[in-house]
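Understanding the architecture of this molecule
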Amino acid sequence: MNKYDVIIVGGGPAGLSCAITLASANDRFDWSKNRKYLIIDNYGASDLLKAELNNVAGIPKGTIGRDLLEDIKNQALEFGNIEIKEGRVIEAKEEDNGFTIKTETGETYKGDILVLATGFHEFSIEGLNVEVVENIRAPRPGKVMVKHDGNFKVRENLFVAGNIAGCSTMFAAAIGSGAQVACDIMSKWAGKNVVIHDVPSGK
Ligand SMILES: Cc1cc2nc3c(=O)[nH]c(=O)nc-3n(C[C@H](O)[C@H](O)[C@H](O)COP(=O)(O)OP(=O)(O)OC[C@H]3O[C@@H](n4cnc5c(N)ncnc54)[C@H](O)[C@@H]3O)c2cc1C
């Protein structure tokens, strides 16, 4: 069975942003070397696929969500330490040494840390002891979120990001929460507050 440092369920903006932020630390610090990240995504269900963006800082007006999602996926894959697999996760079991994730076609994956970034339409992953409640920021009723501590942590090694975390359903909020979760995971590994910043080369 393949083993990952972090498994992210959901490859929308929140999940991809979390993975990209994590991956950007690799090979820079002792605590980040040789880390492996997996995104499992049930393709075709991200809300971004339905959007045209006219109000996201830094993203050109009229950007088609489908094109942007493809670009972000390709950006993630450029890092080399992120794998993206297609599949619908139906079960996640927490054991002493991490999480075992199962897809509806029977594949299993093991991860030390689990991030749920599954959007707010439903939450149907069995086996996780999480509280699923009415989404506090959804524009329409009937949307869900997983309860967390207010900082995207459900409990040790289990995080949520994006719409399933009750963020406002805006692209920037989704990617922001994904990056925040990544920084919190890296800070745990490093034992101090961590961010990953770059400067133009030669400056
Ligand atoms: C019509 C429309 C227009 C919009 N316009 C704008 C706009 O103009 N500006 C703006 O800022 N925002 C806009 N948005 C909002 C933006 O698209 C969302 O905020 C953003 O997509 C949320 O990201 P997310 O990663 O939390 O969830 P999603 O994008 O919904 O991604 C969740 C991912 O998880 C996957 N998943 C779910 N369950 C499982 C499972 N069990 N196993 C594996 N994978 C799973 C889904 O397939 C999906 O890919 C719009 C949304 C819609 C619907």
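Residues numbered from 1 in each chain as written. Predicted model: local features only at pLDDT ≥ 70, side-chain atom pairs only at ≥ 80, totals over all residues.

1. Considerations on the site of the ligand
For clarity, the threshold we go by: Near, as applied to residues and a molecule or strand, means the residue's backbone-placed C-beta atom lies within 6 Å of it. In this text, helices come from DSSP runs of H or I with a minimum length of four residues, and strands from runs of E with a minimum of two, each type numbered from the N-terminal end. Residues are grouped as follows: nonpolar covers Ala, Val, Leu, Ile, Met, Phe, Trp, Tyr, Cys and Pro; charged covers Asp, Glu, Lys and Arg; every other residue, Gly included, is treated as polar.
Residues in close proximity to the ligand total 34 residues, the closest being Gly10, Gly12, Ala45, Gly119 and Gly162. At the level of secondary structure, the elements contributing two or more residues to the shell around the ligand comprise helix 1 (13–23), strand 2 (37–41) and helix 3 (171–190). Across the shell around the ligand, the residue classes break down as 16 nonpolar, 14 polar and 4 charged.

2. A look at the packing of helix 1 against helix 2 (residues 65–78)
This is how the line gets drawn: Axis geometry follows a simple rule: fit a line to the C-alpha atoms, using only the stretch in contact for helices, then measure angles between N-to-C directions, giving values from 0 to 180 degrees. When describing relative orientation, an angle under 35 degrees is termed roughly parallel and one over 145 degrees roughly antiparallel, while 65 to 115 degrees is termed roughly perpendicular and anything else oblique. Crossing handedness is read from the near helix: turned anticlockwise from the far helix by less than a right angle, it gives a left-handed crossing, and turned clockwise, a right-handed one. Here, residues touch in the contact sense if the C-beta positions derived from the backbone fall within 7 Å of one another.
Close contact between helix 1 and helix 2 brings their axes to 9 Å; oriented N to C, the two are set at 25°. As judged from the angle between their axes, helix 1 and helix 2 are roughly parallel. Handedness of the crossing formed by helix 1 with helix 2: left-handed. Contacts between helix 1 and helix 2 pair Pro13, Leu16, Ala19 and Ile20 from the former with Ile72, Lys73, Gln75 and Ala76 from the latter. Taken together, the residues that form the contact of helix 1 with helix 2 break down as 6 nonpolar, 1 polar and 1 charged.

3. Considering the pairing of strand 7 (residues 98–103)
Rules: Following DSSP output, two strands are said to pair if at least two bridges run between them.
Pairing geometry for strand 6 (residues 89–95) and strand 7, over 6 bridges, is antiparallel. Opposite Glu94, over in strand 7, you have Phe99 as the bridge partner. Count of turn residues in the strand 6/strand 7 antiparallel hairpin: 2 residues. Pairing between strand 7 and strand 8 (residues 108–116): 4 bridges, direction antiparallel. Looking at strand 8, one finds that Ile101 is bridged to Tyr109.

4. As for helix 3
Three- or four-residue spacings in an α-helix give side chains the same orientation, since the helix completes a turn every 3.6 residues. Test applied: Expected span of a helix, by definition, is 1.5 Å for each gap between consecutive residues, and there is one gap fewer than residues. Counting other C-beta atoms within 10 Å of its own, a residue is labelled buried from 20 upward, exposed at 12 or fewer, and partly exposed in the gap between, with every C-beta atom placed from the backbone.
Taking 1.5 Å of rise per residue, 20 residues should cover 28 Å, and helix 3 covers 29 Å from first to last C-alpha, within 8% of that figure. Every buried residue of helix 3 is accounted for by Phe171, Ala174, Ile175, Ser177, Gly178, Ala179, Gln180, Val181, Ala182, Ile185 and Met186. Looking at the packing, one finds that the buried side of helix 3 touches strand 1 (2–9), helix 1, strand 3 (52–53), strand 8 and strand 12 (158–160). Downstream of helix 3 by one or two residues, Gly191 has phi in the positive range, about 75°.

5. Details of unusual backbone geometry
Phi is positive for Phe152, which is not a glycine, with a value near 75°. Assignment of secondary structure puts Phe152 in the loop between strand 10 (144–146) and strand 11 (153–155). One non-glycine residue, Asn157, adopts positive backbone phi at about 70°. Looking at where Asn157 falls in the secondary structure, it is placed in the loop between strand 11 and strand 12. Judged by the 17 C-beta atoms lying within 10 Å of it, Asn157 falls in the partly exposed class.

6. Regarding the environment of Asn97
Here Asn97 shows up in the loop between strand 6 and strand 7. Residue classification places Asn97 among the exposed residues on the basis of 9 C-beta atoms within 10 Å. C-alpha of Asn97 to C-alpha of Leu48: the two residues are 49 residues apart in sequence and 34 Å apart in space.

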